[in-house]
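# Structural overview
Here's the letter readout for the chains.
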Amino acid sequence: MTEIFVRGQSIRKALEEDKLKAFLQPIIDTSTGDIFAYEVLARIQEGDATISADDFIKLAEELGLVEDIDARIFEKGIECKRKMDVNGAKLFFNLASK
């Protein structure tokens, strides 16, 4: 099997097995030191390893999977905010450009 096929299958599997995670990176107000927002980033969790979007998003775009990934990350980001009680902090979603 070619590497691109294997990597594509791993992205599809991550979607199917709910291994796609929303990572909330805090954005700090430098004048107060308070968190005023979170950037929501896509990650794939494989056991103890966390795979950043840099390692899979371009291939996901080529395979037509980014809309599914963006929708899942949007849902998970909202869910995380609900659970975290972040005192009105905003969410900024880092979605695929295509």
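Not measured: the values here are computed from a predicted model.

## Things to note about the nonpolar core
- In this structure, Ile-11, Leu-20, Phe-56, Ile-69 and Ile-73 are the most contacted members of the largest nonpolar core, which totals 21 residues.
- Elements with a contribution of two residues or more to this core: α1 (3-16), β1 (20-28), β2 (35-46), α2 (57-62) and α3 (66-84).
- In terms of residues, this core owes the most to one element, β2, which gives four residues.

## Description of unusual backbone geometry
- Not every positive phi belongs to a glycine, and Asp-18 is a case in point at roughly 55°.
- By the element assignment, Asp-18 lies in the loop between α1 and β1.

## Overview of the pairing of strand β3 (residues 49-52)
- When β2 meets β3, the two strands line up antiparallel, connected through four bridges. Bridging from a neighbouring strand, Arg-43 pairs with Ser-52 of β3.

## Concerning the pairing of β1
- Examined bridge by bridge, β1 and β2 share nine bridges and lie antiparallel to one another. Residue Leu-24 lies in a different strand from β2, and its bridge partner there is Val-40.
- Counted between consecutive antiparallel strands, the loop separating β1 from β2 contains six residues, among which Gly-33 sits at a positive phi close to 80°.

## Some points on the layout of surface pockets
- Roughly 190 Å³ of volume is contained in the largest pocket.
- In terms of lining residues, the largest pocket is bounded by 13 residues, among which Leu-41, Ala-42, Ala-53, Ile-57 and Asn-94 are the most central.
- Put simply, the parts of the chain that give the lining of the largest pocket at least two residues each are β2 and α3.
- Along the lines of polarity and charge, the residues of the lining of the largest pocket split into eight nonpolar, two polar and three charged.

## Observations concerning the environment of Thr-50
- Residue position: Thr-50 is located in strand β3.
- The class for Thr-50 is partly exposed, based on a relative accessible area of 48%.
- With 39 residues separating them in the primary sequence, Thr-50 and Ala-89 have C-alpha atoms 25 Å apart.
- Beyond its immediate chain neighbours, meaning those up to four positions away, Thr-50 contacts Arg-43, Ile-44 and Gln-45.
- A distance of 3.1 Å separates the side chain of Thr-50 from the side chain of Gln-45, its partner in a polar contact.

Basis of the calculations
Residues numbered from 1 in each chain as written. Predicted model: local features only at pLDDT ≥ 70, side-chain atom pairs only at ≥ 80, totals over all residues. Heavy atoms only, no water. Core = buried A, V, L, I, M, F, W, Y, C linked by side-chain atoms within 4.5 Å. Buried < 20%, exposed > 50% of the residue type's maximum accessible area, 1.4 Å probe, protein only. Helix = DSSP H or I, 4+ residues; strand = E, 2+ residues; numbered from the N terminus. Pairing = 2+ DSSP bridges. 1 Å grid on protein atoms, 1.4 Å probe; cavity = no way out; pocket = protein on both sides within 12 Å on 5 of 7 lines; lining within 4 Å. Points joined across faces, edges and corners; volume = space filled by probe spheres on them. Nonpolar A, V, L, I, M, F, W, Y, C, P; charged D, E, K, R; others polar. Contact = heavy atoms within 4.5 Å. Polar contact = N/O pair within 3.5 Å; in protein donor to acceptor, adjacent residues only side chain to side chain.

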